[in-house]
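Examination of the molecular architecture
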Amino acid sequence: MKKSNKKMPLQTLTGQSGKYQINGEFNNTISKELRVLRWILHQTVKGIKATTFDSFTQNQDTMFTSRVSTWGSKYNLEIPRKQVKNPNTGAYYNEDWLSDDDIDKVITILNKE
């Protein structure tokens, strides 16, 4: 039996095929970044600190910590982070939120997009 010469499209971590990644029109990575940024803005405005677990359950975001670091360099944001110990398990986790200056910057970023 002869093998097919069809090439499989490249896959990214989010499962997108390469053709969408090239033109960017249907690139879910870009929209997810902004969706998670909007989510952390709403959390901060409500006075709730965001955690990696919350980001996963609310946004299906598996790379929240990396995303926060990327936002810092890409948008010049200083997102405060506090390490908190879970009293039940003894494990540590990070809480992130937007500073007052960052809130204004994020609103501007989201309005541009």
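So, here is what we can say about the structure in this document. (Residues numbered from 1 in each chain as written. Predicted model: local features only at pLDDT ≥ 70, side-chain atom pairs only at ≥ 80, totals over all residues. Heavy atoms only, no water.)

A look at the overall build of the chain
The secondary structure content of the chain amounts to five helices and two strands. When the helices and strands of the chain are listed from N to C terminus, the series reads α-α-α-α-β-β-α. Out of the 113 residues in the chain, the part that is buried amounts to 31%. Summed over its atoms, the accessible surface of the chain is roughly 8,300 Å², and 52% of this surface lies on carbon and sulfur atoms. (Helix = DSSP H or I, 4+ residues; strand = E, 2+ residues; numbered from the N terminus. Buried < 20%, exposed > 50% of the residue type's maximum accessible area, 1.4 Å probe, protein only. Areas by Shrake-Rupley, 256 points an atom, 1.4 Å probe, with all protein chains shown as cover.)

A short note on the pattern of salt bridges
In this structure the tally under the stated criterion is three salt bridges. With a closest N to O distance of 2.9 Å, D61 and R67 form a salt bridge. Just as D61 is buried, R67 falls in that class too. Of the charged contacts in the structure, one is a salt bridge between R81 and D96, with a shortest N-O distance of 2.8 Å. Linking R81 in strand β1 (residues 81-85) with D96 in strand β2 (residues 92-96), this pair joins segments that are 15 residues apart in sequence. (Salt bridge = Lys/Arg side-chain N within 4 Å of Asp/Glu carboxyl O.)

Considerations on the nonpolar core
The biggest cluster of nonpolar side chains holds 18 residues, and the ones touching the most others in it are L37, I40, F64 and W71. Elements with a minimum of two residues in this core: α2 (28-45), α4 (64-75) and α5 (100-112). Residue contacts for W71: discarding those within four places in its chain leaves E33, V36, L37, I40, F64, N76, L77 and I79. (Core = buried A, V, L, I, M, F, W, Y, C linked by side-chain atoms within 4.5 Å. Contact = heavy atoms within 4.5 Å.)

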